[in-house]
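# Examination of the molecular architecture
Given next are the chains, with one letter for each unit.
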Amino acid sequence: MRFLEPDGSYAPTPEAEPLREIVEGADDALLRQMYRDMAVIRAFDQQATRLQRQGQLALWPPSLGQEAAQVGSARAARPQDTIFPSYREHVVAKIRGVDPVNILALMRGTTHGGWDPTDPANGNTRLYTLVLGTQTLHATGFAMGLGFDGRAGTGDVERDEAVVVYYGDGAASEGDVHEAMVFAASYNTPQLFFLQNNQWAISVPVATQSRGPLADRSAGYGIPSLRIDGNDVLASYAASRMYLDEARTGGGPRAIEAVTYRMGAHTTSDDPTKYRGRDEEESWARRDPIARMRAFLASRGADAAFFADVDAEGEALAADARQRVVSLPEPDPDSMFAHVYSEPHALMERQAAWLAEYEASFEGGAA
Amino acid sequence: MTLETMPFARAMNAGLRRAMEEDPRVLLMGEDIGKLGGVFRVTEHLQRDFGEKRVLDTPLAESGIVGTAIGLAMTGFRPVIEIQFDGFVFPAFDQITTQLAKLTNRHEGAITMPVVIRIPYGGHIGAVEHHQESPEAYFAHTAGLRVVSPSTPNDAYWMIQDAIRSNDPVIFMEPKSRYWQKGEVDTDNRPAPLHASRLVRPGTDVTLVGHGAMVSVLLQAAAIAEGEGTSCAVVDVRSLSPVDYDPIVESVRQTGRMVWAQEAPGVASIGGDIAATVTERAFYSLEAPVMRVSGYDVPFPPAKLEGTYLPDADRVLDAVDRALAY
């Protein structure tokens, strides 16, 4: 399912026909915003990779190449929706209101979280989850709760809530993803399973994970699905918008497989030259989601000044992120004990006191 | 004071019922817990009385149950999960240890995880493989979880309510062989805080310590020892994480000897940690090493061998004799 050809020409495929209204109803401001989202996060993402190379981050999982899948779905979500990311959805978090420096903080090693999902400023974005697929069950439970509390299924798209959960082709092999679909179908949850198939689970190709399209699996659980060109931001937007509104109004869970490509490494610890060839990378580079949208917007009258402004915003974000991440304070050793439990705990108190005394015992004292 | 005599399983049921009456956000999840009332009937009639949205007969997927309970807790529910048997908790081990236990810490306190996981555990029921195990050490080893185990109907009634009220995840180990044992339940007065150890029998020569079904074995051993002229104190630890050491150490300071008993295998177990800690805190009072009586370090054996595997009063008394011989 695709609206934009790799060269940026608008040519909906037959599968896209039923969704034309959604795309053609999107105004220029939204279309340009989605381009801006993609281009700005790429500048940030590349800055983050450089920060890791310079020793300022422990690790960075680049989103290079997956911008369209992420931006389209994030812009399709409504303000009342809740997002369960995996760990590569940097632009989704940013669109929802999370300060991207907080993502860097997680990867720098000053926190395991980075932001408070219950703070409205963060747009109901839950924390990154590093154990593959576990978040799909959390999302399903959350969506069950929305159903039990009557926060979905009234038929009012402006009010009914829904959940988007992101995962990848590698995680799709995890049992939790399958159990999440069983529970989602069983409780008819207001939920979108958004799978980014970026072709590679570190070094393992998707062909090792599945002999057929991953989107086909959800049919086995009774969950309707769409397979879309994940490098077409319009396809991602339209499919997500339609499915989220169906899910929120009582239609039950939906699934999307966005076929995209991880143009960079899995993380900065990875070396893709060991397992894939340049030909493959170059063929996907010709399908770059940002170049495609840029050509489309240019054909609709976006001028050089617009693109220059977007580039400037990307550079400013990247520079600001660099400046702020390197000056993040070190965590206080005491903080290790602070939130293991939410209520007083004898062992935590004992060990925190011991550590303080131990630190203070050194010459000069840490205390 | 309202006293009522009832079996352990019915005390659990009454405690769950009261918690559900007091807080509409409490919901029960598990396999066969609705119409059937659970394989041990602990949740009997609760679905009938509270409805299918408060008592969920879930799909048969333990990771799914715990994972969705986490999401439900994020929307403000207080899920209470029944794992059907001890050996079936492991499909959920990842969700419990990497997610449930760590979420409050990952969120730096911004969210809580008030989820209770009830696990019927232990032997003495002559069942097949995976139905008689004691996996408590795995959970006590995991930061972020609280682990408790009642030994009497009165504790069952009160501790389940306190566990549900806890804003941290609680692994609630139910000694399944005690389900049918009757005891008095005082529905007006809480016997002790959730994480308190309790001296259940005073004594001056040896301190016997354990939890769950072992407590009755220890009391039986103490009664026999008394006939032989040895005075044994018995401490029910009740909470395995955190452990309330004060009543144990206080008793050991008087007796100078301690015997720990558990059904779980001994290596890297609760008993090992308690023995080390008591040794650190009461070293100058000890007249003998802390003795440990455990299951053997083998898979729980076929039912015909459970009598050999499980610590009984004789094995406890053997340890008492060895402690007294120092």
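What counts, and where the lines are drawn
Residues numbered from 1 in each chain as written. Chains lettered and ligands numbered in written order. Predicted model: local features only at pLDDT ≥ 70, side-chain atom pairs only at ≥ 80, totals over all residues. Helix = DSSP H or I, 4+ residues; strand = E, 2+ residues; numbered from the N terminus. Buried ≥ 20, exposed ≤ 12 C-beta atoms within 10 Å, placed from the backbone. Contact = placed C-beta atoms within 7 Å. Axes fitted to C-alpha atoms, helices over the stretch in contact; angles between N-to-C directions. Parallel < 35°, antiparallel > 145°, perpendicular 65-115°, else oblique. Nonpolar A, V, L, I, M, F, W, Y, C, P; charged D, E, K, R; others polar. Pairing = 2+ DSSP bridges. Core = buried A, V, L, I, M, F, W, Y, C linked by C-beta atoms within 7 Å. Right-handed = clockwise from strand over helix to strand, strands pointing away. Domains from an automatic or database assignment.

### What to know about the overall build of chain A
Along chain A, the regular secondary structure elements total 14 helices and seven strands. The C-alpha extent of chain A, read off along each of the three principal axes, is 75 × 50 × 40 Å. By residue count, 50% of the 367 residues in chain A fall in the buried class. Once local pairs closer than 6 in sequence are excluded, the contacts in chain A between residues at least 24 apart make up 76%.

### A few points about the packing of helix H3 (residues 62–74) of chain B against helix H4 (residues 93–100) of chain B
Residue and element names in this part refer to chain B. In contact at an axis separation of 7 Å, H3 and H4 are set at 30° when each is read in the N-to-C sense. Comparing their axes, H4 and H3 come out roughly parallel. Residues Ser 63, Val 66, Gly 67 and Ile 70 of H3 lie in contact with H4, whose contacting residues are Asp 94, Gln 95, Ile 96, Gln 99 and Leu 100. The residue makeup of the contact of H3 with H4, split by class, is four nonpolar, four polar and one charged.

### Topic: the sheet that holds strand S4 (residues 78–82) of chain B
All names here are of chain B. Read across the sheet, seven strands follow the order S3-S2-S4-S5-S7-S6-S12 without closing on themselves; strand pairing throughout is mixed. The open sheet has two edge strands with one neighbour each: strand S3 (55–57) and strand S12 (239–241). Each strand of the sheet is rotated relative to its neighbour by a mean of 20°, with strand direction disregarded. Sheet strands in contact with helix H7 (residues 153–165) are strand S2 (26–30), S4, strand S5 (116–121), strand S6 (146–148) and strand S7 (170–175), and its direction is about 165° off that of S7.

### What to know about unusual backbone geometry
Working note: non-glycine residues mostly have negative phi, and peptide bonds are mostly trans. Look at the link from B:Ser241 to B:Pro242: it is a cis peptide, with omega at -5°. By the secondary structure assignment, B:Pro242 is in the loop between S12 and helix H9 (246–255). Of note in the backbone geometry, A:Gln199 takes a positive phi value of approximately 80° without being a glycine. As for its placement among the helices and strands, A:Gln199 is situated in the loop between strand S3 (191–197) and strand S4 (200–201). One non-glycine residue, B:His130, lies in the positive phi region at around 70°. Along the chain, B:His130 falls in the loop between S5 and helix H6 (136–140). Look at B:His130 and you get partly exposed, because 14 C-beta atoms sit within 10 Å.

### With respect to the nonpolar core
Residues B:Leu208, B:Val259 and B:Val316 are the most contacted members of the largest nonpolar core, which totals 190 residues. The element best represented in this core is helix H2 (residues 28–53) of chain A, accounting for 10 residues. If we ignore the near neighbours within four places in the chain, the residues touching B:Val316 are B:Leu208, B:Val217, B:Leu218, B:Ala221, B:Val259, B:Ala261, B:Val293 and B:Pro311.

### What to know about the interface of chain A and chain B
Between chain A and chain B, the contact holds 35 residues from the first and 33 residues from the second. Of all elements in the fold, only helix H6 (134–148), helix H7 (175–186) and helix H14 (346–360) of chain A reach the threshold of two or more residues within the side of chain A that touches chain B. Of all the elements, H6(A) adds the most residues to the side of chain A that touches chain B, at 11 residues. Looking at side-chain class alone, the side of chain A that touches chain B contains 16 nonpolar, 14 polar and five charged residues.

### Describing the pairing of S7(B)
All names here are of chain B. With respect to burial, S7 is a largely interior element, six of its six residues being buried. By the alternation rule, side chains of S7 split into Val 170, Phe 172 and Glu 174 and Ile 171, Met 173 and Pro 175, which are all buried. In this sheet, S7 lies alongside S5 in parallel orientation, the contact comprising six bridges. Paired with Pro 120 across the strands is Glu 174, a residue of S7. Across three bridges, the pairing between S6 and S7 is parallel. Bridge pairing in S7 places Arg 146 opposite Val 170. Assessed by its sense of winding, the connection that carries the chain from S6 through H7 to S7 is right-handed.

### Details of the sheet that holds strand S14 (residues 291–295) of chain B
Residues and elements named next belong to chain B. Strand order across the open sheet formed by five strands is S9-S11-S10-S13-S14, with mixed pairing between neighbours. For this open sheet the edge positions go to strand S9 (198–201) and S14, each flanked by a neighbour on one side alone. Strand after strand, the sheet turns through a mean of 25° between neighbouring axes, direction not considered. Here strand S10 (residues 206–210) pairs with strand S11 (residues 232–236) via five bridges, running parallel. Paired with Leu 208 across the two strands is Val 234, which belongs to S11. Against the sheet, helix H8 (residues 214–227) touches S9, S10, S11 and strand S13 (258–265), its axis set at about 170° to S11.

### Comments concerning the domain arrangement of chain B
All names here are of chain B. Its domain assignment divides chain B into domain 1 (3–186) and domain 2 (198–324). Summarising the inter-unit geometry, the C-alpha centres of domain 1 and domain 2 are found 26 Å apart. Taken together, the contacts link 23 residues of domain 1 with 19 residues of domain 2.

### Quick notes on the environment of B:Asp314
Mapped onto the elements of the fold, B:Asp314 is located in helix H12 (residues 313–324). Taking C-alpha positions, B:Asp314 is 34 Å from B:Ala163, a pair spaced 151 residues apart along the chain.

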